[in-house]
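For reference, the chains in residue letters:
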Amino acid sequence: NGIVGGGNSTCVCEDYTIFTTVFILKKSYQFPYWKPFISAISSAMFMGTLLYIMRDSNLAFLLILSPIVYMIPLYLIRGVGKSDISFVLSIVKKS
């Protein structure tokens, strides 16, 4: 099916983009690459599981619920902190 092939190629391209970006950031800025990705992946898995369970719900409700569900585990596992914000700001200032 063409739709499945398009979805698969999109996933492959996104993975390539992520790994290339991580490689460049690690090489250029001493980027601590594992911690942010593990936190983001954990939150995304939690959100994806909940959305899969609620897949028959109203789409507008799911679009509102998604970022909230994503941020709760990210906050609880301390995936975002003051040091992360200051790190991103320091990269932006260098550019």
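Residues numbered from 1 in each chain as written. Predicted model: local features only at pLDDT ≥ 70, side-chain atom pairs only at ≥ 80, totals over all residues. Heavy atoms only, no water.

**Student:** Is there a simple way to explain the environment of Gly79 in this structure?
**Tutor:** By secondary structure assignment, the location of Gly79 is in the loop between α3 (59-76) and α4 (82-94). Residue Gly79 is classed as buried on the basis of its relative accessible area of 12%. Between the C-alpha atoms of Gly79 and Ser39, which are 40 residues apart in sequence, the distance is 5.1 Å. (Helix = DSSP H or I, 4+ residues; strand = E, 2+ residues; numbered from the N terminus. Buried < 20%, exposed > 50% of the residue type's maximum accessible area, 1.4 Å probe, protein only.)

**Student:** For this particular structure, what's the right way to read the packing of aromatic side chains?
**Tutor:** The description of an aromatic ring pair rests on the distance of the ring centres and on the angle between the ring planes. Tallied over the entire structure, the rule returns 0 aromatic pairs. Directly above the aromatic system of Tyr52 lies the positively charged group of Arg55, at a separation of 4.2 Å from the ring centroid. (Phe/Tyr/Trp six-rings, centres within 6.5 Å; stacked < 30°, edge-to-face > 60°. Lys NZ or Arg CZ within 6 Å of the ring centre and 35° of its normal.)

**Student:** When you look at helix α1 (residues 2-29) in this model, what are you seeing that I'm missing?
**Tutor:** In this model, α1 (28 residues) spans 40 Å end to end at C-alpha, consistent with the 40 Å of a helix rising 1.5 Å per residue. The first or second residue beyond α1 is Gln30, which carries a positive phi of 55°. (Expected span 1.5 Å × (residues − 1).)

**Student:** It is not clear to me how the confidence of the model for the protein chain should be interpreted in this structure. Could you clarify?
**Tutor:** Regions with low pLDDT should not have their predicted coordinates read in detail. Averaged over all residues, the pLDDT of the protein chain equals 81, while 88% of them reach at least 70. Mean pLDDT values for the elements of the protein chain range from 77 in α4 up to 85 in α3. (pLDDT = per-residue confidence, 0-100.)

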